[in-house]
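# Structural description and commentary
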Amino acid sequence: MNVSVKIGIIGGTGDIGKGLALRISDKHEIILGSREASKACEAAEATVCTLQEHNCIGLCRGTSNEEAVRDADVVVISVMFQHVAPTLAGIDPKYLENKIVISPVNPMGKKDGYFFFDRPEEGSAALAIQKMLPASAKLVTAFNNIAAHKWTLLDEELDYTVAVCSDDAEAKKVVMQLVSEVSKLRAVDAGPLAVSGIVESITPLVLNIAKFNGMKDVGVHFS
Ligand SMILES: NC(=O)c1ccc[n+]([C@@H]2O[C@H](COP(=O)([O-])OP(=O)(O)OC[C@H]3O[C@@H](n4cnc5c(N)ncnc54)[C@H](OP(=O)(O)O)[C@@H]3O)[C@@H](O)[C@H]2O)c1
């Protein structure tokens, strides 16, 4: 994707949203969305300032979740799974029609000191989210298994494999290209959305590995 695209991030004031903005807004326009537009504007200003400190120019602005979707070519859903349905219900579905929608969403829980994959009845967050989107939206899962904290460490490379799932071959190709433009990330085709639950479930696995082995920022490399 050599052409600059507009990427709207629902819940863009959160850890993943701000991290994506820091790593991508030097290449593509990032529109951070929020329930409170002023909060998104502050997050966008902070992103631009941080990038300036690293001698980079970032194109990033903040607005409401709905306007972030409306103005975007590609949408990222960056809220916790339990907030996805009410958040999408507040956005006019016509703004999502025909758009590529990226889900990094991992439905997880924690009990007795370990993390578990809290599988929705549809089989995955992505399969549940697909039902909430207009039929013409092209859902792609990506960025599920990288800790948000790593995105913000601009002096460090992001050296991970990103498993990408979608039922739309063209949308998958676009997102894989987008992924591969970030640091040292390597996108791999992980198959259709039907297997997205496997990718989502890797996140509680890596969190447990980190916790029980005293490791930091465990990530995924496939080679
Ligand atoms: N954190 C990670 O390391 C990580 C890694 C991989 C994937 N993920 C996935 O990425 C997604 C975003 O994770 P995150 O850590 O960035 O989330 P987060 O920081 O906890 O929240 C993201 C944003 O969600 C909005 N929000 C909070 N409560 C809400 C509510 N009740 N209703 C609607 N919106 C609400 C907030 O934005 P406003 O207050 O501005 O509206 C918040 O900034 C999740 O689905 C997660 O599973 C996270």
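Every value quoted in this text rests on a predicted model; they were computed, and no experiment measured them.

Rules used in this analysis
Residues numbered from 1 in each chain as written. Predicted model: local features only at pLDDT ≥ 70, side-chain atom pairs only at ≥ 80, totals over all residues. Heavy atoms only, no water. Helix = DSSP H or I, 4+ residues; strand = E, 2+ residues; numbered from the N terminus. Near = heavy atom within 4 Å. Polar contact = N/O pair within 3.5 Å; in protein donor to acceptor, adjacent residues only side chain to side chain. Areas by Shrake-Rupley, 256 points an atom, 1.4 Å probe, with all protein chains shown as cover. Nonpolar A, V, L, I, M, F, W, Y, C, P; charged D, E, K, R; others polar. Core = buried A, V, L, I, M, F, W, Y, C linked by side-chain atoms within 4.5 Å. Buried < 20%, exposed > 50% of the residue type's maximum accessible area, 1.4 Å probe, protein only. Contact = heavy atoms within 4.5 Å. Axes fitted to C-alpha atoms, helices over the stretch in contact; angles between N-to-C directions. Parallel < 35°, antiparallel > 145°, perpendicular 65-115°, else oblique.

So, about unusual backbone geometry. Here Asn-55, not a glycine, exhibits a phi torsion of approximately 55 degrees, which is positive. You can see Asn-55 is positioned in the loop between helix H2 (37-53) and strand S3 (60-64). Its identity as a non-glycine residue notwithstanding, Asp-112 has a phi of 45 degrees, on the positive side.

Moving on, we come to the site of the ligand. Taken together, 21 residues surround the ligand, and among them Thr-13, Ser-34, Arg-35, Lys-39 and Val-79 come closest. Take Ser-34: an N or O atom from its side chain is 2.5 Å from an oxygen atom of the ligand. Between the ligand and the protein, one listed contact pairs an oxygen atom with a backbone N or O atom of Ala-148 at 2.8 Å. Within the complex, 79% of the 900 Å² of free accessible area of the ligand lies under protein. Secondary structure elements with two or more residues in the shell around the ligand: helix H1 (15-24) and helix H4 (81-89). For the shell around the ligand, the residue count by class is 9 nonpolar, 9 polar and 3 charged.

Here we take up the nonpolar core. Counting 34 residues, the largest nonpolar core has Ile-7, Leu-32, Ile-102, Trp-151 and Leu-185 as its most contacted members. The residues touching Ile-7, leaving out its near neighbours within four places in the chain, are Ile-24, His-28, Glu-29, Ile-30, Ile-31, Ala-72, Val-74, Val-76 and Leu-178. Grouped together as the second largest cluster of nonpolar side chains are 24 residues, Ile-77, Val-105, Ile-129 and Leu-193 included.

It is the contact of H4 with helix H5 (residues 125-132), at a shortest axis distance of 10 Å, that shows an interaxial angle of 10 degrees. When the axes of H4 and H5 are compared, the pair comes out roughly parallel. Contact with H4, carried on its side by Phe-81, Val-84, Ala-85 and Leu-88, involves Ala-125, Ala-128, Ile-129 and Met-132 of H5 and no other residues of that element. Its residues placed into classes, the contact of H4 with H5 shows 8 nonpolar, no polar and no charged.

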